[in-house]
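The lines below spell out each chain.
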Amino acid sequence: MAKFEVPVLSEEPARDIPEIQAGVMAHSRPFLAKPEHNKPLGFPDALVDHWQEKALGRMGSLLKRFRSLRVFLDSCVKCGACTDKCHYFLGTGDPKNMPVARQDLLRSVYRRYFTLPGKSFGPFVGANDLTQETLEEWYTYFHQCSQCRRCSVFCPYGIDTAEISMAARDIMDHIGYGQKYCNEIITKVHKIGNNLGLPGPALADTLMGLEEDVHQETGHDVKFPLDVEGVDVLLITPSADFFAEPHVDGLVGYAKVFHQAGVSWTVSSYASEAANFGLFIGSYEQMYKVANRIRKAAYDLKVKRIIFGECGHAWRVAYSFLNTLAGPWDFLDKDYPVPQHIIEFTTDLIQRGGIKLDRSANENMVVTLHDSCNVARGARMGAVPGGQFTLPRDLIKACVPQYVDMHPDTINEKTFCCGGGGGLLTDDLMELRVKGAKPRVEALKQVMTQAGVTHLASLCAICKSQFTKILPYYDIEMDAVVSVHGLVSKAILLG
Ligand code: SF4
Ligand code: SF4
């Protein structure tokens, strides 16, 4: 199946340090964005003339705008604590995938042009010219970082490689050297409202089809409303929820929860996407535009509250930035947090007896949870610290007879990325995705063999898509992956 070697799994997760293989992933690059992907976002069509000058100009403005970036570039002491913490290094052995080495690709240029020692002593103080070769390395290795922030958990200075990686991608976009996958998707959101380019009528058909399916299966009239004004909830969910497996089981779960709780809701055809790929390309301008589609939809539909479906980075953008990007939300009902996660909503209902679940509907399932990086390290959930870890687990435990956690070094704030986050979920990076998933799959295999785990639950659209694609490379069936609300959908008692 693979045109590359699939890594051999170790029996002890997060312990096996690979043999160094310099340059082994130097060939791995995503497709470059074409003019039709760049122009709508305001980026140059292709690599501009005098690109060095323009790249340095953009770097200078990012350094002024984000104090954190300068601090991160200045403060590394080369202690090495991060070196074996990145799943792409653990899965490939390429030393440029060590977080500190990745940072140094940008740091050496920063030193050369923005610090006095670098201007005076050049390579003697780790300062290098910005050459074509440097640019190619940026493009290669900043597209081997899923911006998962695991390395920053272990860095004594809290240096966030994700932020450095975002800055590098932003600089490249501004000289016409961006990545096709992300830019094409953002263009579709601006034009049509979602990552898939699914137009309103097709969305209406899909939702109607789901209504019929659920009615046939349960005998209940569970609605999947679109563009309904004056309802309680605007649901903002990843567009993969509308059709892909196992995502759609999650959407059916949300609909059943709303139905059973008697809460009116709607999806918007204008903002039919939770994902915000502006984060991945480090562009606050694009994040702002995508986030403001949600604001307009909520305002136009006159809803009282906004609830987000299962999507990791969407929740990070929502939780950490939505109020800054698109607030104030003074036209919404002040009794509810803005935004709220569907898992918060469902667990709260369970606690208040608003819905009932029957675990036996998921009999024979032993479930573990993959903590999504962006939820675990970029957000919270609910009012209690650590809610992003406890609430999903509480919900799963209410739905299934048996729950088992993976190795403690691979969950909660130390969770490993699925291997496809950060704008890397594209087929042109399949080798990287399979290899980068190694640490997560090792931990999963361990609980499958030692504790009889049968299913991996996820609360992120990217993780679900990545796992269904890469788990077969490691001899695990794709249907081992389930949505958290897919479990709710089976266990909830209707009527
Ligand atoms: S942010 Fe994640 S992917 Fe990027 S270097 Fe750190 S651990 Fe690796
Ligand atoms: S852990 Fe932090 S300070 Fe140490 S090498 Fe890595 S980035 Fe630098």
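What counts, and where the lines are drawn
- Residues numbered from 1 in each chain as written.
- Chains lettered and ligands numbered in written order.
- Predicted model: local features only at pLDDT ≥ 70, side-chain atom pairs only at ≥ 80, totals over all residues.
- Pairing = 2+ DSSP bridges.
- Helix = DSSP H or I, 4+ residues; strand = E, 2+ residues; numbered from the N terminus.
- Contact = placed C-beta atoms within 7 Å.
- Axes fitted to C-alpha atoms, helices over the stretch in contact; angles between N-to-C directions.
- Near = placed C-beta within 6 Å.
- Nonpolar A, V, L, I, M, F, W, Y, C, P; charged D, E, K, R; others polar.
- Core = buried A, V, L, I, M, F, W, Y, C linked by C-beta atoms within 7 Å.
- Buried ≥ 20, exposed ≤ 12 C-beta atoms within 10 Å, placed from the backbone.
- Domains from an automatic or database assignment.

Side note on the sheet that holds strand β7 (residues 455-458)
Sheets are built from strands that pair by backbone hydrogen bonding, the pairs being arranged parallel or antiparallel.
Turning to step 1, where the next piece is worked out: Read from one edge to the other, the open sheet built from four strands follows the order β6-β5-β7-β8, with strand pairing classed as parallel. Both edges of this open sheet fall to β6 (402-403) and β8 (481-483), since each of them pairs with a single strand only.
Turning to step 2, where the next piece is worked out: Pairing analysis gives four bridges linking strand β5 (residues 366-370) to β7, with the strands arranged parallel. Across the sheet, V367 pairs through a bridge with H455, a residue of β7.
Turning to step 3, where the next piece is worked out: Across the sheet, helix α17 (residues 387-399) lies against β5, β6 and β7, angled at about 165° from β5, the strand it touches most.

Focus on the site of ligand 2
Turning to step 1, where the next piece is worked out: Taken together, the neighbourhood of ligand 2 is formed by C76, V77, K78, C79, G80, A81, C82, P99, V100, C155, Y157 and I159.
Turning to step 2, where the next piece is worked out: Tallied by class, residues from the shell around ligand 2 come to 10 nonpolar, one polar and one charged.

Some words on the nonpolar core
Turning to step 1, where the next piece is worked out: The biggest cluster of nonpolar side chains holds 143 residues, and the ones touching the most others in it are F308, I396 and L487.
Turning to step 2, where the next piece is worked out: If you tally residues by element for this core, the top one is helix α14 (residues 312-326), at nine residues.
Turning to step 3, where the next piece is worked out: Both of domain 1 (35-184) and domain 2 (186-404 + 453-491) provide at least three residues apiece to this core.
Turning to step 4, where the next piece is worked out: Those residues within four positions of F308 in sequence are excluded, and the remaining contacts are I236, A274, A314, W315, A318, P339, H341 and I342.

Considerations on the domain arrangement of the protein
Turning to step 1, where the next piece is worked out: In terms of domains, the protein is made up of domain 1 (35-184) and domain 2 (186-404 + 453-491).
Turning to step 2, where the next piece is worked out: Every contact between the two is made by 17 residues of domain 1 and, on the other side, 13 residues of domain 2.
Turning to step 3, where the next piece is worked out: Elements represented by at least two residues in the side of domain 1 that touches domain 2 include exactly α8 (150-154), α9 (161-174) and α10 (180-192).
Turning to step 4, where the next piece is worked out: The leading source of residues in the side of domain 1 that touches domain 2 is α9, at five residues.
Turning to step 5, where the next piece is worked out: The residue makeup of the side of domain 1 that touches domain 2, split by class, is seven nonpolar, four polar and six charged.

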